[in-house]
Amino acid sequence: MSQHLVLNRTGDKMPLVGFGCWKVDPQDAEDTIYNAIKAGVRLIDGAGDYGNEIEVGRGINKAINEGVVKREELFVVTKIWNTFHAKENVRPTFEKQLKDLGLDYVDLYLIHFPVPLKHVAIEAAYPPGWYQPGKSDDIEFERSPIQDLWREMEKIAESGAAKNIGISNFNVQLILDLLTYANIKPAVLQVELHPYLQQTRLVEWVQKQGIQVTAYSSFGPASFIQLTDDGKTAEPLLGHPVIKEIAEKHGKSTAQVLLRWSLERNVAVIPKSMNVERTKSNLDIFSFSLSKDEVAAIGKLELGLRFNDPFSYGFGLPLFC
Ligand code: NAD
(Lines give C-alpha, C1' and ligand atoms only; values in the text may rest on other atoms or scores of the structure.)
Protein backbone atom coordinates (compact mmCIF):
# COMPACT_ATOMS: atom_id res chain seq x y z
CA MET A 1 0.00 0.00 0.00
CA SER A 2 1.15 3.51 -0.80
CA GLN A 3 2.23 5.57 2.22
CA HIS A 4 0.74 8.84 0.97
CA LEU A 5 -2.31 10.44 -0.62
CA VAL A 6 -1.97 12.52 -3.79
CA LEU A 7 -3.50 16.00 -3.56
CA ASN A 8 -5.53 17.58 -6.35
CA ARG A 9 -4.08 20.57 -8.29
CA THR A 10 -0.46 20.19 -7.08
CA GLY A 11 -0.09 16.42 -7.13
CA ASP A 12 1.73 16.79 -3.80
CA LYS A 13 2.10 13.64 -1.75
CA MET A 14 0.60 13.92 1.71
CA PRO A 15 1.82 11.21 4.12
CA LEU A 16 -0.96 8.93 5.31
CA VAL A 17 0.39 9.07 8.86
CA GLY A 18 1.46 12.19 10.67
CA PHE A 19 1.72 13.70 14.13
CA GLY A 20 -0.90 15.94 15.77
CA CYS A 21 0.24 18.92 17.85
CA TRP A 22 -2.96 19.69 19.78
CA LYS A 23 -2.34 19.76 23.55
CA VAL A 24 1.41 19.39 23.16
CA ASP A 25 2.62 21.69 25.93
CA PRO A 26 4.81 24.49 24.49
CA GLN A 27 7.46 23.48 27.04
CA ASP A 28 7.71 20.04 25.46
CA ALA A 29 6.90 20.87 21.85
CA GLU A 30 10.39 21.49 20.46
CA ASP A 31 11.79 18.19 21.77
CA THR A 32 8.61 16.27 21.02
CA ILE A 33 8.51 17.38 17.38
CA TYR A 34 12.25 16.93 16.91
CA ASN A 35 12.10 13.42 18.34
CA ALA A 36 8.99 12.58 16.32
CA ILE A 37 10.78 13.57 13.11
CA LYS A 38 13.81 11.53 14.19
CA ALA A 39 11.44 8.60 14.74
CA GLY A 40 10.23 8.91 11.15
CA VAL A 41 7.27 11.30 11.30
CA ARG A 42 7.05 13.34 8.09
CA LEU A 43 3.71 15.14 8.52
CA ILE A 44 3.22 17.64 11.33
CA ASP A 45 -0.37 18.78 11.96
CA GLY A 46 -0.47 22.07 13.83
CA ALA A 47 -2.68 25.13 14.24
CA GLY A 48 -2.39 28.69 15.46
CA ASP A 49 -4.98 27.76 18.07
CA TYR A 50 -2.72 25.12 19.65
CA GLY A 51 -0.54 27.86 21.15
CA ASN A 52 2.70 26.04 20.38
CA GLU A 53 3.67 27.03 16.84
CA ILE A 54 6.90 28.78 17.83
CA GLU A 55 8.10 25.67 19.67
CA VAL A 56 6.81 23.26 16.99
CA GLY A 57 8.73 25.36 14.44
CA ARG A 58 11.88 25.11 16.54
CA GLY A 59 11.58 21.34 16.58
CA ILE A 60 11.09 21.24 12.82
CA ASN A 61 14.00 23.57 12.16
CA LYS A 62 16.29 21.69 14.55
CA ALA A 63 15.62 18.49 12.63
CA ILE A 64 16.29 20.26 9.31
CA ASN A 65 19.42 22.03 10.55
CA GLU A 66 20.86 18.80 11.95
CA GLY A 67 20.28 17.03 8.65
CA VAL A 68 17.72 14.57 10.07
CA VAL A 69 15.39 15.56 7.25
CA LYS A 70 15.17 18.03 4.37
CA ARG A 71 12.41 20.63 4.35
CA GLU A 72 10.96 19.14 1.16
CA GLU A 73 10.65 15.75 2.86
CA LEU A 74 8.35 17.22 5.50
CA PHE A 75 4.66 18.02 5.10
CA VAL A 76 3.72 20.84 7.46
CA VAL A 77 0.05 21.59 8.07
CA THR A 78 -1.41 24.50 9.97
CA LYS A 79 -4.81 26.14 10.34
CA ILE A 80 -6.32 29.61 10.47
CA TRP A 81 -8.35 30.29 13.59
CA ASN A 82 -11.96 31.52 13.71
CA THR A 83 -11.16 35.10 14.77
CA PHE A 84 -9.12 35.77 11.61
CA HIS A 85 -11.72 35.07 8.91
CA ALA A 86 -12.28 38.68 7.78
CA LYS A 87 -10.46 39.19 4.48
CA GLU A 88 -8.12 41.87 5.83
CA ASN A 89 -6.98 39.57 8.65
CA VAL A 90 -6.18 36.43 6.70
CA ARG A 91 -2.80 37.21 5.15
CA PRO A 92 -1.35 38.97 8.24
CA THR A 93 -2.38 35.99 10.37
CA PHE A 94 -0.85 33.55 7.92
CA GLU A 95 2.37 35.59 7.86
CA LYS A 96 2.51 35.52 11.66
CA GLN A 97 2.06 31.76 11.65
CA LEU A 98 4.82 31.29 9.06
CA LYS A 99 7.11 33.50 11.13
CA ASP A 100 6.26 31.62 14.32
CA LEU A 101 7.02 28.35 12.55
CA GLY A 102 10.25 29.79 11.12
CA LEU A 103 9.36 28.46 7.67
CA ASP A 104 9.13 29.93 4.14
CA TYR A 105 6.04 27.93 3.28
CA VAL A 106 3.62 25.39 4.66
CA ASP A 107 2.39 22.40 2.71
CA LEU A 108 -1.24 22.76 3.69
CA TYR A 109 -3.24 25.62 5.22
CA LEU A 110 -6.68 24.73 6.55
CA ILE A 111 -9.69 26.71 7.71
CA HIS A 112 -9.91 25.36 11.27
CA PHE A 113 -13.70 25.76 11.70
CA PRO A 114 -16.42 27.33 9.52
CA VAL A 115 -17.16 29.67 12.41
CA PRO A 116 -16.45 33.41 11.88
CA LEU A 117 -15.75 34.92 15.30
CA LYS A 118 -15.23 38.59 16.08
CA HIS A 119 -11.64 39.56 15.42
CA VAL A 120 -9.14 39.67 18.28
CA ALA A 121 -5.96 41.60 17.55
CA ILE A 122 -2.85 39.47 17.74
CA GLU A 123 -1.37 41.95 20.24
CA ALA A 124 -4.46 41.63 22.50
CA ALA A 125 -4.40 37.85 22.93
CA TYR A 126 -2.77 35.09 20.92
CA PRO A 127 -4.05 32.54 20.36
CA PRO A 128 -7.39 34.00 21.42
CA GLY A 129 -9.48 30.82 21.66
CA TRP A 130 -13.27 30.99 21.34
CA TYR A 131 -14.00 33.97 23.58
CA GLN A 132 -13.18 37.65 23.37
CA PRO A 133 -10.38 38.60 25.82
CA GLY A 134 -11.69 38.98 29.36
CA LYS A 135 -15.09 37.47 28.53
CA SER A 136 -16.14 33.89 28.89
CA ASP A 137 -19.91 34.06 28.90
CA ASP A 138 -20.65 33.85 25.18
CA ILE A 139 -18.94 33.82 21.80
CA GLU A 140 -19.35 36.74 19.38
CA PHE A 141 -19.72 36.24 15.64
CA GLU A 142 -18.43 38.39 12.82
CA ARG A 143 -20.01 39.03 9.40
CA SER A 144 -17.26 37.49 7.31
CA PRO A 145 -18.40 35.05 4.64
CA ILE A 146 -16.43 31.88 4.01
CA GLN A 147 -16.28 32.94 0.36
CA ASP A 148 -14.16 35.99 1.22
CA LEU A 149 -11.93 33.88 3.43
CA TRP A 150 -11.52 31.28 0.69
CA ARG A 151 -10.51 33.97 -1.84
CA GLU A 152 -7.70 34.99 0.54
CA MET A 153 -6.71 31.36 1.04
CA GLU A 154 -6.55 31.03 -2.76
CA LYS A 155 -4.23 34.04 -2.97
CA ILE A 156 -1.94 32.43 -0.41
CA ALA A 157 -1.95 29.21 -2.43
CA GLU A 158 -1.24 31.11 -5.66
CA SER A 159 1.72 32.84 -3.99
CA GLY A 160 3.17 29.43 -3.13
CA ALA A 161 3.41 30.29 0.58
CA ALA A 162 0.91 27.52 1.26
CA LYS A 163 1.33 24.78 -1.33
CA ASN A 164 -2.20 23.50 -0.73
CA ILE A 165 -5.30 24.81 1.00
CA GLY A 166 -8.17 22.98 2.64
CA ILE A 167 -10.90 22.90 5.23
CA SER A 168 -11.69 21.33 8.57
CA ASN A 169 -14.96 20.64 10.37
CA PHE A 170 -17.00 21.47 7.23
CA ASN A 171 -20.18 19.55 6.40
CA VAL A 172 -21.46 18.59 2.97
CA GLN A 173 -23.74 21.64 2.63
CA LEU A 174 -20.83 24.03 3.16
CA ILE A 175 -18.54 22.09 0.85
CA LEU A 176 -21.21 22.06 -1.88
CA ASP A 177 -21.50 25.81 -1.58
CA LEU A 178 -17.73 26.32 -1.54
CA LEU A 179 -17.37 24.26 -4.72
CA THR A 180 -19.72 26.66 -6.54
CA TYR A 181 -17.26 29.55 -6.20
CA ALA A 182 -13.86 27.99 -5.55
CA ASN A 183 -11.21 28.60 -8.19
CA ILE A 184 -9.00 26.29 -6.17
CA LYS A 185 -10.75 23.20 -4.86
CA PRO A 186 -9.88 22.27 -1.27
CA ALA A 187 -7.12 19.66 -1.25
CA VAL A 188 -8.11 18.15 2.09
CA LEU A 189 -10.99 17.95 4.54
CA GLN A 190 -9.94 17.23 8.14
CA VAL A 191 -12.71 15.92 10.42
CA GLU A 192 -13.25 13.83 13.54
CA LEU A 193 -13.34 10.15 12.56
CA HIS A 194 -13.14 6.98 14.64
CA PRO A 195 -15.27 3.85 15.01
CA TYR A 196 -17.76 5.71 17.25
CA LEU A 197 -18.17 8.44 14.56
CA GLN A 198 -17.50 6.88 11.17
CA GLN A 199 -19.21 9.47 8.90
CA THR A 200 -19.02 7.04 5.99
CA ARG A 201 -21.33 8.99 3.66
CA LEU A 202 -19.37 12.20 4.23
CA VAL A 203 -16.01 10.49 3.67
CA GLU A 204 -17.09 8.74 0.48
CA TRP A 205 -18.76 11.83 -1.02
CA VAL A 206 -15.84 14.10 -0.23
CA GLN A 207 -13.36 11.62 -1.72
CA LYS A 208 -15.52 11.47 -4.86
CA GLN A 209 -15.07 15.24 -5.23
CA GLY A 210 -11.30 14.73 -5.42
CA ILE A 211 -10.77 16.00 -1.88
CA GLN A 212 -8.61 13.88 0.41
CA VAL A 213 -9.74 13.21 3.97
CA THR A 214 -7.73 13.32 7.20
CA ALA A 215 -9.11 11.83 10.41
CA TYR A 216 -8.54 13.56 13.71
CA SER A 217 -9.02 12.03 17.16
CA SER A 218 -8.64 8.51 15.74
CA PHE A 219 -8.63 7.09 19.27
CA GLY A 220 -12.01 8.67 20.07
CA PRO A 221 -12.47 9.24 23.79
CA ALA A 222 -8.73 8.92 24.54
CA SER A 223 -8.30 12.60 23.82
CA PHE A 224 -11.49 13.80 25.55
CA ILE A 225 -13.43 13.37 28.73
CA GLN A 226 -15.65 10.37 28.38
CA LEU A 227 -18.90 12.03 29.36
CA THR A 228 -20.44 14.06 26.54
CA ASP A 229 -22.86 16.93 27.06
CA ASP A 230 -25.91 14.74 26.68
CA GLY A 231 -24.68 12.22 29.19
CA LYS A 232 -23.63 9.51 26.73
CA THR A 233 -20.67 7.50 27.81
CA ALA A 234 -18.41 5.34 25.73
CA GLU A 235 -15.85 2.81 26.74
CA PRO A 236 -12.30 3.64 25.64
CA LEU A 237 -11.72 2.52 22.06
CA LEU A 238 -8.12 1.66 22.87
CA GLY A 239 -9.41 -1.05 25.23
CA HIS A 240 -12.52 -2.09 23.33
CA PRO A 241 -12.88 -5.92 23.17
CA VAL A 242 -13.60 -5.92 19.40
CA ILE A 243 -10.50 -3.82 18.69
CA LYS A 244 -8.47 -5.91 21.17
CA GLU A 245 -9.41 -9.17 19.51
CA ILE A 246 -8.40 -7.87 16.07
CA ALA A 247 -5.15 -6.46 17.49
CA GLU A 248 -4.26 -9.78 19.13
CA LYS A 249 -4.90 -11.66 15.89
CA HIS A 250 -2.42 -9.44 14.04
CA GLY A 251 0.09 -9.12 16.89
CA LYS A 252 -0.46 -5.36 16.82
CA SER A 253 -1.64 -2.81 19.41
CA THR A 254 -5.22 -1.53 19.56
CA ALA A 255 -3.88 1.92 18.59
CA GLN A 256 -2.38 0.46 15.43
CA VAL A 257 -5.69 -1.23 14.55
CA LEU A 258 -7.62 2.03 15.01
CA LEU A 259 -5.17 3.90 12.77
CA ARG A 260 -5.12 1.12 10.18
CA TRP A 261 -8.93 1.21 10.08
CA SER A 262 -8.70 4.75 8.65
CA LEU A 263 -6.06 3.70 6.14
CA GLU A 264 -8.43 1.00 4.88
CA ARG A 265 -10.74 3.91 3.89
CA ASN A 266 -7.90 5.89 2.22
CA VAL A 267 -8.10 8.37 5.07
CA ALA A 268 -4.93 9.90 6.58
CA VAL A 269 -4.31 9.92 10.35
CA ILE A 270 -2.51 12.34 12.68
CA PRO A 271 -2.20 10.67 16.11
CA LYS A 272 -0.71 12.65 18.97
CA SER A 273 1.51 11.12 21.63
CA MET A 274 4.10 12.50 24.02
CA ASN A 275 5.79 9.11 24.09
CA VAL A 276 8.24 8.54 21.25
CA GLU A 277 7.90 4.75 21.42
CA ARG A 278 4.16 5.12 20.86
CA THR A 279 4.82 7.58 18.05
CA LYS A 280 7.06 4.97 16.42
CA SER A 281 4.40 2.29 16.75
CA ASN A 282 1.75 4.70 15.40
CA LEU A 283 3.86 4.93 12.22
CA ASP A 284 4.12 1.17 11.90
CA ILE A 285 0.75 0.49 10.30
CA PHE A 286 1.75 -0.55 6.79
CA SER A 287 2.89 -4.09 7.62
CA PHE A 288 -0.62 -5.48 8.08
CA SER A 289 -4.13 -4.93 6.82
CA LEU A 290 -7.64 -5.54 8.09
CA SER A 291 -9.85 -8.16 6.48
CA LYS A 292 -13.34 -7.33 5.20
CA ASP A 293 -14.81 -9.10 8.23
CA GLU A 294 -12.65 -7.09 10.60
CA VAL A 295 -13.68 -3.82 8.94
CA ALA A 296 -17.32 -4.94 9.18
CA ALA A 297 -16.93 -5.78 12.89
CA ILE A 298 -15.50 -2.30 13.52
CA GLY A 299 -18.34 -0.83 11.43
CA LYS A 300 -20.78 -2.16 14.04
CA LEU A 301 -19.22 0.04 16.75
CA GLU A 302 -20.80 3.20 15.30
CA LEU A 303 -22.47 5.32 18.00
CA GLY A 304 -22.77 8.68 16.28
CA LEU A 305 -20.65 9.94 19.17
CA ARG A 306 -18.79 13.18 18.50
CA PHE A 307 -16.27 14.41 21.02
CA ASN A 308 -14.98 17.66 19.49
CA ASP A 309 -18.34 19.42 19.51
CA PRO A 310 -18.56 23.18 20.10
CA PHE A 311 -22.08 22.54 21.41
CA SER A 312 -20.60 21.06 24.56
CA TYR A 313 -18.01 23.80 25.12
CA GLY A 314 -20.31 26.08 27.10
CA PHE A 315 -21.55 28.34 24.31
CA GLY A 316 -24.17 26.05 22.82
CA LEU A 317 -23.15 26.33 19.17
CA PRO A 318 -24.84 23.35 17.46
CA LEU A 319 -22.29 23.32 14.63
CA PHE A 320 -22.97 19.70 13.75
CA CYS A 321 -26.56 19.63 15.14
P1 NAD B 1 -5.70 11.26 19.32
O2 NAD B 1 -6.88 10.49 18.85
O3 NAD B 1 -4.47 11.28 18.52
O4 NAD B 1 -5.43 10.71 20.78
C5 NAD B 1 -4.43 11.23 21.59
C6 NAD B 1 -4.40 10.41 22.88
O7 NAD B 1 -4.07 9.07 22.55
C8 NAD B 1 -3.34 10.90 23.83
O9 NAD B 1 -3.89 10.82 25.13
C10 NAD B 1 -2.20 9.90 23.66
O11 NAD B 1 -1.48 9.73 24.83
C12 NAD B 1 -2.93 8.65 23.28
N13 NAD B 1 -2.11 7.78 22.39
C14 NAD B 1 -1.44 8.15 21.27
N15 NAD B 1 -0.81 7.09 20.73
C16 NAD B 1 -1.08 6.03 21.52
C17 NAD B 1 -0.71 4.66 21.48
N18 NAD B 1 0.04 4.17 20.50
N19 NAD B 1 -1.17 3.85 22.46
C20 NAD B 1 -1.97 4.34 23.43
N21 NAD B 1 -2.35 5.62 23.55
C22 NAD B 1 -1.91 6.46 22.59
O23 NAD B 1 -6.21 12.72 19.68
P24 NAD B 1 -6.21 14.17 19.19
O25 NAD B 1 -5.00 14.87 19.71
O26 NAD B 1 -7.56 14.66 19.56
O27 NAD B 1 -6.18 14.12 17.60
C28 NAD B 1 -4.99 14.04 16.90
C29 NAD B 1 -4.64 15.35 16.21
O30 NAD B 1 -5.70 15.75 15.36
C31 NAD B 1 -4.48 16.56 17.14
O32 NAD B 1 -3.27 16.55 17.84
C33 NAD B 1 -4.61 17.69 16.15
O34 NAD B 1 -3.42 17.88 15.43
C35 NAD B 1 -5.71 17.17 15.25
N36 NAD B 1 -7.06 17.67 15.66
C37 NAD B 1 -7.69 18.55 14.83
C38 NAD B 1 -8.91 19.07 15.17
C39 NAD B 1 -9.60 20.04 14.23
O40 NAD B 1 -10.57 20.70 14.67
N41 NAD B 1 -9.17 20.14 13.00
C42 NAD B 1 -9.53 18.70 16.38
C43 NAD B 1 -8.88 17.76 17.19
C44 NAD B 1 -7.65 17.26 16.82
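Reference entry: report on the structure contained in this document. From a predicted model like this one, the values you see are computed outputs, not experimental measurements.

1. Thoughts on the site of the ligand
- As a structural note, the neighbourhood of the ligand is formed by 27 residues, with Asp45, Ser168, Ser217, Ser223 and Asn282 the closest of them.
- Contacts to the ligand include Trp22, whose backbone N or O atom sits 3.0 Å from an oxygen atom.
- A distance of 2.9 Å is found between an oxygen atom of the ligand and a side-chain nitrogen or oxygen belonging to Asn169.
- Considering the ligand on its own, with 830 Å² of exposed area, one finds that the protein chains cover 89% of that surface.
- The cavity that encloses the ligand is the largest pocket.
- Top contributing element to the shell around the ligand by residue count: helix α9 (residues 276-283), with three residues.
- Residue classes in the shell around the ligand are distributed as 11 nonpolar, 12 polar and four charged.

2. With respect to the environment of Asp309
- For Asp309, the position within the fold is in the segment after α10 (292-299).
- According to the relative accessible area criterion, Asp309 is buried, its value standing at 11%.
- Taking the C-alpha atoms as reference points, Asp309 and Lys292, 17 residues apart in sequence, are found 31 Å from one another.
- Those residues in contact with Asp309 that sit more than four places away from it in its chain are Leu317 and Phe320.

3. Some details on the layout of surface pockets
- Taken as a whole, the largest pocket holds about 770 Å³ of empty space.
- Taken together, 37 residues line the largest pocket, and the ones lying closest to its centre are Trp22, Lys23, Ser217, Ser223 and Lys272.
- Among the secondary structure elements, those contributing two or more residues to the lining of the largest pocket are α8 (254-263) and α9.
- Ranked by residues supplied to the lining of the largest pocket, first place goes to α9 with three residues.
- Grouping the constituent residues of the lining of the largest pocket by class yields 16 nonpolar, 15 polar and six charged.

4. Considerations on the environment of Ile167
- Take Ile167: it is sitting in strand β7 (residues 162-168).
- Looking at Ile167, the relative accessible area reads 0%, which means it is buried.
- For the pair formed by Ile167 and Ile146, sequence separation is 21 residues and the distance between their alpha carbons is 11 Å.
- Setting aside anything within four residues of it in sequence, one finds Ile167 in contact with Leu110, Ile111, Trp150, Ile175, Leu178, Pro186, Val188, Leu189 and Gln190.

5. A closer look at the pattern of salt bridges
- Under the definition given, this model contains 12 salt bridges.
- A salt bridge links Arg91 to Glu95; the shortest N-O distance between them is 2.8 Å. Remark: Glu95 and Arg91 occur in helix α3 (residues 87-101); sequence separation between them is four residues, near one turn of the helix.
- Residue classification places Arg91 among the partly exposed positions, given a relative accessible area of 29%.
- A salt bridge links Glu140 to Lys118; the nearest nitrogen and oxygen atoms lie 3.5 Å apart. Remark: Lys118 occurs in the loop between β6 (106-111) and α4 (146-159) and Glu140 occurs in the loop between β6 and α4; sequence separation between them is 22 residues.

6. Describing the pairing of strand β8 (residues 188-192)
- Within β8, five of the five residues are buried, which leaves the element mostly enclosed by the surrounding structure.
- Residue alternation in β8 divides its side chains into two sets, Val188, Gln190 and Glu192 and Leu189 and Val191, and both sets are buried.
- The sheet contact formed by β7 and β8 spans two bridges and is parallel. Pairing of Ser168 across the sheet is with Gln190, part of β8.
- Taken together, β7, helix α5 (residues 172-181) and β8 form a β-α-β motif whose crossover is right-handed.
- Alignment of β8 against strand β9 (residues 212-216), held across five bridges, turns out to be parallel. Bridge pairing links Val191 to Ala215 in β9.

Calculation notes
- By convention here, each chain's residues receive numbers from 1 onward along its written sequence.
- Only residues with pLDDT of at least 70 are given local features in this predicted model, and only at 80 or more are side-chain atom pairs given and counted; all residues enter the totals for whole chains, interfaces and linings.
- Neither water nor hydrogens contribute to the side-chain values; these are computed over all heavy atoms in the structure.
- Throughout, near means a residue has at least one heavy atom within 4 Å of the molecule or strand.
- Polar contact is defined as a pair of N or O atoms within 3.5 Å, subject to the rule that within protein one atom must be able to donate a hydrogen and the other to accept it, and that residues adjacent in sequence are counted only when both atoms are side-chain atoms.
- Every accessible area reported is derived by Shrake-Rupley at a probe size of 1.4 Å, with residue values counting cover from the shown protein chains alone.
- Space inside and on the surface of the protein is sampled on a 1 Å grid over the protein atoms alone, with a cavity defined as a set of points where a 1.4 Å probe fits but cannot get out and a pocket as an open set with protein on both sides within 12 Å along at least 5 of 7 lines; lining residues have an atom within 4 Å of a point.
- Think of it this way: a molecule belongs to a cavity or pocket when more than half its atoms come within 2 Å of the grid points there.
- Think of it this way: any DSSP run of H or I at least four residues long counts as a helix, any run of E at least two long counts as a strand, and we number them from the N terminus.
- Amino acids outside the nonpolar list (Ala, Val, Leu, Ile, Met, Phe, Trp, Tyr, Cys, Pro) and the charged list (Asp, Glu, Lys, Arg) are all regarded as polar, and Gly is one of them.
- Exposure categories follow from relative accessible area, calculated using a 1.4 Å probe and restricted to protein chains: below 20% of the type maximum is buried, above 50% is exposed, and the middle band is partly exposed.
- Only heavy atoms enter the contact rule, under which two residues are in contact if any of them lie within 4.5 Å.
- Grid points are joined across faces, edges and corners, and a volume is the space filled by probe spheres set on the points.
- Here, a salt bridge means any Lys or Arg side-chain nitrogen found within 4 Å of an Asp or Glu carboxyl oxygen.
- When DSSP finds two or more bridges between a pair of strands, those strands are recorded as paired.
- With the strands aimed away from the viewer, a crossover counts as right-handed if its path from the first strand over the helix to the second runs clockwise.

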